[in-house]
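As a plain string of letters, each chain reads:
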Amino acid sequence: MSGEPRLIRKLTEIPAEDYYVSGHRTCAGCGPALGYRLVLKAAGPKTIVLGPTGCMYVANGHQFLSSPYAVPWYHTQLGAGGAAGIGTAAALRALMFKGKRKVEDVNVVVYGGDGGFADIGLSGLSMGLTYDYPHLLYLLYDNESYANTGVQASSTTPFGSSTTFTPSGKVKAIGNERLKKDMALIAAVHPSIGYVATASVSNPVDLVNKVRKALSSGRPSLVQLLAPCPKGWAFPPEETIEIGQMAVSTGMWALWEYENGHFRLTSKPATRRRISEYVMKQGRFSHLWKNEAALEYMQLSVDEQWGYWEEMDKTGKIILPWTPPYQG
Amino acid sequence: MMSKSSQVAVQKAVQKRRVWTGARSVAEAVKLADVDVIAAYPIRPYTGIMNALATMIAGGDFYAEYLVCDSEHSQFEVVKHASAVGARTFVGSSGTGLVYGAEAAVVTALGQLPVVGIVGCRSLDDPGNFGMEWNDAFMFRDVGWLMEWSKDPQEALEMTLVAYRIAEDPRVLLPHFVALDGAAITHVASPVTPPTKEQVAKFLPPYKPLHPLDPAYESVSKAMHIAPSLIGPEQRKSIDAAMKRAKNIVIPEAWKAWGDTIGREYPPFFEGTQMEDADYAILSMGAYSRNVEYVVERMRESGVKVGSLRLKYLRPFPTEELVKALDGVKGIGVVDFSYSFGSPGNGSVLYNDVRAAFYEAEQRPLIMDYIFAGGREMTIPELEKSIQALIESVRKGRVDKPVRWVTVRGEDV
Amino acid sequence: MVSPELEELTWLAIHGRGVINTAHSSQIALTLSQAGVAAGREAFYYMRYDDSPERVQLPFIYYAVFGNPRIRVILPEEVEPVGSVFDTVAVLDSSLLVKSTSQRALLMDGAKKKASLVVNTSLKPSVILNLVRKYGCAQDWEGKIITLRAKKYGQNIALGMTGAIAKAMEPLYSIDDVVESLESEGKTDSVDAVRSAYEEADSLDVTLKAQDCEQYKLKSSLGEAKPFKGAKGWWDREAYMSLKERAANAPTYEQRIEAMPSWEQIAPALIEFGPKVSERNIGFKTSFARTFRPVIDYGKCVNCKLCHVFCPDGAIDYEPIKVNYEYCKGCGICARVCGSKAISMPHELQALEGLDEEEFLTIREALIEYAY
């Protein structure tokens, strides 16, 4: 999309057409699958989609002769999301410039997970964000783990989360001892970045608008999309939307955007709910339910973090937040 | 205002011989081929190609999208994806860098995208070493890349050009490496006659993928996850068939067409010197074949019936043609800049391929392996000594020690 | 594609729902394999690898295989064994009785003629028989149906099911072998529950004739392949779509394999074609994922589109709002987000057959054992 993005105000303005159609082997209640549907609805038919390896590759292509993608789609390697997007965009520009293809706006969306973008593909993603190709969106669906391989920790797995690589036990009680890495802030620090945002599948109107803004920003962009995962986070699949809403209402997940160097929060809960409510609803935190020290630390971390978010919202500038390590 | 004939004369003069490094020559080929997307990342000794291309683009000599990548892995992924959209692409690397991009390079071949790439052959780490070995390229010999060795900047240029036609042919659709033996070609300048734009236009059609990844065409889904009970061997077999079509049809066709364009003959798979009545053949690839030819010439002067055979294509390996060309030869010495630790007979890679090629031959000559490992350059006396050992073995009727580490100091156990 | 070497072995196939029943199934399989070993057999167990990674609600199968005395061949991980293979079929979620899955068309496909069917259900064996006759069988069957309410024997339904399956599989191993196995795992406090289940499970001898089965009457063949139309010998969009349709309509996995193209027919680089915009993917329908289904009360629905928007599977049509049950997985998000409380979630057996199945594990209950 070129020029001004078509922003919406109501849920009923979300297009009815689906470019990621029904018929895939995703979990019942899968947050990333919902994200795929909404992101592609926002992007529209003139889109090329790249799918790094992960749940959104393997679960969507089970067996053979079963594609659910109604737009051109190509697999890419787990760590190759950045290069895949930029290579696709560069080809389009070269072909248009040389008259080998009609000149028009074509979106390129790389729909990759946190494992691929925050870990193995961080280098390539960073490279992609330094270029100036328009209509290129790196959509990071964050289910806070390497889910397809059976739920292992990634660098966006939150503190205290149980995964098969970070289980809780007598000796190591916390589970995942590392703090969640903020990929959106990392993207925002790239010089001359046009648009970066965070989003949640529980806020679809906000998500659609952010996708459209990103694709019209004139430069490569990143949206980090919180996509709750019933299997990995251990909650009943009917609660996917509630979990997403709770992540926002407790402040565990801040919704913001950074447009041409200007920061603003797009959601400001008047009072934040206690994070223990969020933690209690997910089995991946069950070993912490009685761990007062850990819960206190998690609440304090969120409260401190919000000091920074509010300051950034007031000044419109990004300030580097810092979370003290856990002393428990 | 120049007369027409003067203009033609000037043009002919411009097309006269230049003195170019292999790096500069390959860059010329990329320009002539009207490549659309280039992905660059520095590593010695191939980097000069990318430097030359950057200068050309910056100066307006030609236009291509030029991505400075964060790693070789991204480099190879960039061109793979650009190729899927329908862009003609160019990439390259050397040594350990090539290995860093291995995942992407493998997927490019198994995904059948006609990327053309340069390997500036260089010794693998560890330790760091700017010497020349072939193992970097050999890491990809099984997965579907076509691979060709050039002997000098002229050939590097022409092979790069012809590679586009072969790779992009709908009967092939496989990526194509052109190997330059390290600094011996990339960094050493020698006389080159570049082809003209008109010659290339006559020879090289534009790249037209069957199903581009582009919403202007129908929606394709490429490389979906599959269940092997449904489809698995079939996909591999179709690559096998493409490689066979490359060898049997497309490679000979392309080099014949190129020969017609330029006005000379190009044997597509290998080139023999003094092979007509040879009892002994020295088989090699790449730049150091010059030394082999030199030694062969000298030995011929003293009456030894030795010939040299320079292999160009390693993949597809021209088995039948090679066996036929070496029919009647009593002993083959393979000059091999590689190692293959623990392989059958503890031989090196090219040697093992040659041995396998001869397994079913009616007449199997004796085969010896001259290993030039570790990047140390070969000397003429060492080569002569190795060939003497072959002659001795043929006289005895057997090879006592088939595998020899020619350049190593110390006992060759 | 019959597998005679596999028919020599004794097979237990445990059908469960992904994530919810995984721990149960692996526990059952482990305990019973060890029982088999205690009884002098060689025993292997594994989840079918093609079901992995398991997804919430998506059916999977755990096999426990017993040799007499040895198992000499490699057991199939991807394609299910066909022929007369399964001695016991165990079902942890009764909604699986009325489904076809991605590989087996019918629940009793591959079962031996004298197979036992063990079901976790509150329904009587005779009712189960009727469901099998209607949905799950197209062959002669002279076996047993064993039912129990597994929750009665502990929050972990693996215990009850272990006892009931032991009843089905004796004398291959005895309940004492099972007890020995439990004790060796340090699970002495589970022994009573398993024994009680073994003693109390309901059993019914059954005889079913193929021609009385609904699916036998409906069972169709693959159908003729259309002449291949692709240009240059390999497929184009038209040829690909006709292959896709034929494969999708194949009644069994065996027949789906039959419909697959030769290598000459696949386009270079394995290019496939996507569906049209909003056209649902016929290559992978997912009704087998449901234990419950959403039912919309149109008296209460205000057409707000929330359910359409929030369905991860896009299984609710936009206009008019309507559930497509071929693709709905029964996750329940629509019912939760509906602002008018217009969506209820009855059990599949209630919706399809008016049956009051009371034995089901809510996902919350399953996760309490599995994750909490």
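Residues numbered from 1 in each chain as written. Chains lettered and ligands numbered in written order. Predicted model: local features only at pLDDT ≥ 70, side-chain atom pairs only at ≥ 80, totals over all residues.

**With respect to the overall build of chain B**
A tally of helices and strands in chain B yields 15 helices and 16 strands. Here the C-alpha radius of gyration of chain B, 22 Å, is about what a compact globule of 413 residues would show, namely 22 Å. Its C-alpha atoms give chain B principal-axis dimensions of about 70 × 70 × 40 Å. Across the 413 residues in chain B, those meeting the buried criterion constitute 52%. (Helix = DSSP H or I, 4+ residues; strand = E, 2+ residues; numbered from the N terminus. Rg over C-alpha atoms; globule rule 2.2 N^0.38 Å. Buried ≥ 20, exposed ≤ 12 C-beta atoms within 10 Å, placed from the backbone.)

**Describing the pairing of strand S7 (residues 256-259) of chain A**
All names here are of chain A. The pairing of strand S5 (residues 195-200) with S7 spans three bridges and is antiparallel. In the strand pairing of S7, Val-196 is matched with Tyr-258. The pairing of S7 with strand S8 (residues 262-265) spans four bridges and is antiparallel. Opposite Glu-259, over in S8, you have His-262 as the bridge partner. Turn length for the S7-S8 hairpin, with the two strands adjacent in sequence and antiparallel, is two residues, and the turn residue Asn-260 shows positive phi of about 50°. (Pairing = 2+ DSSP bridges.)

**Here we look at the interface of chain A and chain B**
Tallying the contact residues gives 43 residues for chain A and 39 residues for chain B. Of all the secondary structure elements, the ones that give two or more residues to the side of chain A that touches chain B are strand S1 (47-52), helix H2 (55-58), strand S2 (73-76), helix H3 (81-97) and helix H5 (122-129) of chain A. Within the side of chain A that touches chain B, the residues separate by chemical class into 23 nonpolar, 15 polar and five charged. (Contact = placed C-beta atoms within 7 Å. Nonpolar A, V, L, I, M, F, W, Y, C, P; charged D, E, K, R; others polar.)

**Description of unusual backbone geometry**
Glycine aside, negative phi is the norm for most residues, and most peptide bonds take the trans geometry. Residue B:Pro45 is reached from B:Arg44 by a cis peptide bond, and omega for that bond is 0°. A cis geometry characterises the amide bond from C:Glu170 onward to C:Pro171, with omega recorded as 5°. By the secondary structure assignment, C:Pro171 is in the loop between helix H4 (157-169) and helix H5 (175-184). In this structure, B:Gln274 takes a positive phi of about 55° despite not being glycine. Turning to its location among the elements, B:Gln274 is positioned in the loop between strand S10 (270-273) and strand S11 (280-285).

**Some thoughts on the domain arrangement of chain B**
Residues and elements named next belong to chain B. You can read the domains of chain B as domain 1 (14-262) and domain 2 (270-405). Measuring from the centre of the C-alpha atoms in domain 1 to the corresponding centre in domain 2 gives 28 Å. Each partner contributes to the interface: domain 1 provides 25 residues, whereas domain 2 provides 22 residues. Counting only elements with at least two residues in the side of domain 1 that touches domain 2, the list comes to helix H7 (135-138), strand S6 (146-149), helix H9 (183-186) and helix H11 (233-262). (Domains from an automatic or database assignment.)

**What to know about the interface of chain C and chain A**
Think of interface size as the accessible area that goes away when the parts come together; that is how it is often given. Taken together, the contact between chain C and chain A spans 48 residues of the former and 47 residues of the latter. Mapped onto the side of chain C that touches chain A, the elements with two or more residues apiece are helix H8 (237-248), helix H10 (306-310), helix H11 (333-337) and helix H13 (363-370) of chain C. The greatest single-element share of the side of chain C that touches chain A, amounting to four residues, is contributed by H11(C). Residues belonging to the side of chain C that touches chain A are distributed by class as follows: 25 nonpolar, 10 polar and 13 charged.

**Examining the pairing of S6(B)**
All names here are of chain B. Where burial is concerned, the two faces of S6 agree: the one with Leu-146 and Glu-148 and the one with Met-147 and Trp-149 are both buried. Sheet topology places S6 next to strand S7 (residues 176-180); four bridges connect them, and they run parallel. Looking at S7, one finds that Leu-146 is bridged to His-176. Each parallel crossover has a hand, and for S6 linked through helix H8 (residues 153-168) to S7 it is right-handed. Alignment of S6 against strand S13 (residues 313-315), held across two bridges, turns out to be antiparallel. When the bridges of S13 are listed, Met-147 appears paired with Arg-315. (Right-handed = clockwise from strand over helix to strand, strands pointing away.)

**Section: the environment of B:Leu67**
Residue and element names in this part refer to chain B. With respect to the helices and strands, Leu-67 occurs in strand S3 (residues 65-68). For Leu-67, a count of 26 C-beta atoms within 10 Å corresponds to the buried category. Taking the C-alpha atoms as reference, Leu-67 lies 26 Å from Trp-149; in sequence the two are 82 residues apart.

**Observations regarding the packing of H4(C) against helix H6 (residues 191-200) of chain C**
Residue and element names in this part refer to chain C. It is at 7 Å that the axes of H4 and H6 come closest, and there the two elements cross at 45°. In terms of their interaxial angle, H4 and H6 are classed as oblique. Helix-helix and strand crossings are classified by hand; for H4 and H6 the assignment is right-handed. In this structure, H4 contributes Leu-159, Gly-160, Thr-162, Gly-163, Ala-164, Ala-166 and Lys-167 to the contact, and H6 contributes Ala-193, Val-194, Arg-195, Ser-196, Ala-197 and Tyr-198. Residue composition of the contact of H4 with H6, by class: seven nonpolar, four polar and two charged. (Axes fitted to C-alpha atoms, helices over the stretch in contact; angles between N-to-C directions. Parallel < 35°, antiparallel > 145°, perpendicular 65-115°, else oblique. Left-handed = near helix turned anticlockwise from the far one by under 90°.)

**Things to note about the sheet that holds strand S1 (residues 10-17) of chain C**
Residues and elements named next belong to chain C. Spatial ordering of the open sheet is given by S2-S3-S1-S4-S5-S6-S7, a layout of seven strands whose pairing is mixed. The open sheet terminates on both sides in strands that have one partner only, identified here as strand S2 (42-47) and strand S7 (202-208). Here the average twist between neighbouring strands, direction ignored, is 15°. One ladder, built from seven bridges, connects strand S6 (residues 141-148) with S7; its direction is antiparallel. Within S7, the residue paired with Thr-147 across the bridge is Asp-202.

**Considering the nonpolar core**
Membership of the largest hydrophobic core comes to 348 residues, with the highest contact counts inside it found for A:Leu139 and C:Ile165. Leave out the neighbours within four places in its chain, and C:Ile165 touches C:Leu12, C:Ile28, C:Leu32, C:Thr88, C:Ala90 and C:Val118. (Core = buried A, V, L, I, M, F, W, Y, C linked by C-beta atoms within 7 Å.)

**Observations regarding the environment of A:Ser22**
By the secondary structure assignment, A:Ser22 is in the segment before helix H1 (31-43). Given 26 C-beta atoms within 10 Å, A:Ser22 falls into the buried group. A:Ser22 sits 47 residues away from A:Tyr69 along the chain, and the two C-alpha atoms are 9.4 Å apart. When residues no more than four places from it in sequence are discounted, the contact partners of A:Ser22 are C:Arg280, C:Asn281, C:Asp313, C:Gly314, C:Ala315, C:Asn324 and C:Tyr327.

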